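Here's the letter readout for the chains.
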Amino acid sequence: MYTLYYSPSACSLATQVVLHELDQQVEIINVSKVENFSAINPVEAVPVLIEQDQSNGQSHTYTEGAAIILHLLDRHQNSLLPVAGAARNIGIEQILFANATMHPAYGRLFFIAQHIEDEAVKDLAFKAAAKMISTLWQVVEQQLAKNSEEENFLAGEGVSAADIMLTVYSRWGASFPVDISIGERSQKMIDAVLAMPSFKRALAAEG
Ligand SMILES: N[C@@H](CCC(=O)N[C@@H](CS)C(=O)NCC(=O)O)C(=O)O
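Residues numbered from 1 in each chain as written. Predicted model: local features only at pLDDT ≥ 70, side-chain atom pairs only at ≥ 80, totals over all residues. Heavy atoms only, no water.

K.L.:
Kindly report on empty space enclosed by the protein, identifying the contributing residues and their values.
P.N.:
Under the definition given, this model contains 1 cavity of 30 Å³ or more. Its boundaries defined by the atoms lining it, the largest cavity holds a volume of some 40 Å³. Lining the largest cavity, in full, are C11, A14, T15, P47, G65, I69, N99, M165 and Y169. Elements with a contribution of two residues or more to the lining of the largest cavity: α1 (12-21), α3 (65-75) and α6 (161-170). (1 Å grid on protein atoms, 1.4 Å probe; cavity = no way out; pocket = protein on both sides within 12 Å on 5 of 7 lines; lining within 4 Å. Points joined across faces, edges and corners; volume = space filled by probe spheres on them. Helix = DSSP H or I, 4+ residues; strand = E, 2+ residues; numbered from the N terminus.)

K.L.:
Give me the lowdown on the sheet that holds strand β2 (residues 26-30), citing residues and values where you can.
P.N.:
With mixed pairing, the 4 strands of this open sheet are ordered in space as β2-β1-β3-β4. Pairing within the sheet leaves two strands with one partner each, and these edge strands are β2 and β4 (59-63). This sheet shows a mean twist of 20° between the axes of neighbouring strands, independent of strand direction. Two strands pair when backbone bridges link them, and strand β1 (residues 2-6) and β2 are joined in this way by 5 bridges, in the parallel orientation. Looking across to β2, one finds that Y2 is bridged to V26. (Pairing = 2+ DSSP bridges. Axes fitted to C-alpha atoms, helices over the stretch in contact; angles between N-to-C directions.)

K.L.:
Run through the nonpolar core, naming residues and quoting values.
P.N.:
Residues L73, I95, M102, W137, I164, L166 and Y169 are the most contacted members of the largest nonpolar core, which totals 54 residues. Mapped by element, the contributors of at least two residues to this core are β1, α1, α3, α4 (85-115), α5 (119-144), α6, α7 (184-194) and α8 (197-206). Per-element accounting of this core gives the leading share, 9 residues, to α5. Split by domain, this core shows at least three residues from each of two domains, domain 1 (2-78 + 198-206) and domain 2 (85-196). Not counting chain neighbours up to four residues away, the residues in contact with I95 comprise A66, I69, L70, L73, L81, A161, A162 and M165. Grouped together as the second largest cluster of nonpolar side chains are 8 residues, V31, V34, F37 and V48 included. (Core = buried A, V, L, I, M, F, W, Y, C linked by side-chain atoms within 4.5 Å. Buried < 20%, exposed > 50% of the residue type's maximum accessible area, 1.4 Å probe, protein only. Domains from an automatic or database assignment. Contact = heavy atoms within 4.5 Å.)

K.L.:
Give me the packing of aromatic side chains: which residues, what numbers.
P.N.:
Per the counting criterion, the structure on display carries 6 aromatic pairs. Summarising the aromatic geometry, the rings of Y106 and W172 are spaced 6.1 Å apart at their centres and angled 85° between planes, so their arrangement reads as edge-to-face. Here Y106 is found in helix α4, whereas its partner W172 is found in the loop between α6 and α7, with 66 residues between them in sequence. Ring centres of F110 and F176 lie 5.0 Å apart, and the angle between their planes is 80°; on these two criteria the pair is classed as edge-to-face. Note that F110 is positioned in helix α4 and F176 in the loop between α6 and α7, a separation of 66 residues in sequence. Given a relative accessible area of 34%, F110 falls into the partly exposed group. Members of the aromatic cluster, connected to one another through ring pairs, are Y106, F110, F126, Y169, W172 and F176. (Phe/Tyr/Trp six-rings, centres within 6.5 Å; stacked < 30°, edge-to-face > 60°.)

It is worth stressing that arrangement in space is one thing and function is another; only the former is reported here.
The structure is reproduced here in structure tokens:
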């Protein structure tokens, strides 16, 4: 049994989608309703996952989105990450690309909106951040182009964990006055993930 701390539409949405794909029960808790979240995660960031061992009642707290997802994929049988070989390495690389490269690039948009007051500076900063994000989507486009049109996902056959993570981040651009260019194959991958019942269920659960 899992408990997931989330913020609506944040990166924690990807963790919830993965849990649904793995057919795992999860209780989700909105951090805005938690009084002392820093006691749970001193970084004060979601996702935080609590895993409860039913046999002995002990629980373990996991933080850092990529580590949480890799832990879940290790623990439960799945098709979101190839089990071995070069394909697995690519799948892990893509998860880390999503978490450590694309997520921080989008994170700049939130930072600019919150911390830069001068409108001209803000505009310049938004443009520079959007340019970087568009460059990263080109990298995604090139990775997708290595596969056939039918297998238009980042780690070969079928939707991978990295596809889910990138799809969650792709939704953030609409909240800012920026033009982000997403290639055709990347958009096709995003649309396929958005159409997954697990994605719709996770969004509905967040309300
Ligand atoms: N390195 C962390 C970063 C997570 C992160 O930035 N989460 C954002 C939401 S997408 C958050 O909770 N931000 C709130 C804050 O930093 O105060 C991870 O990958 O889990």
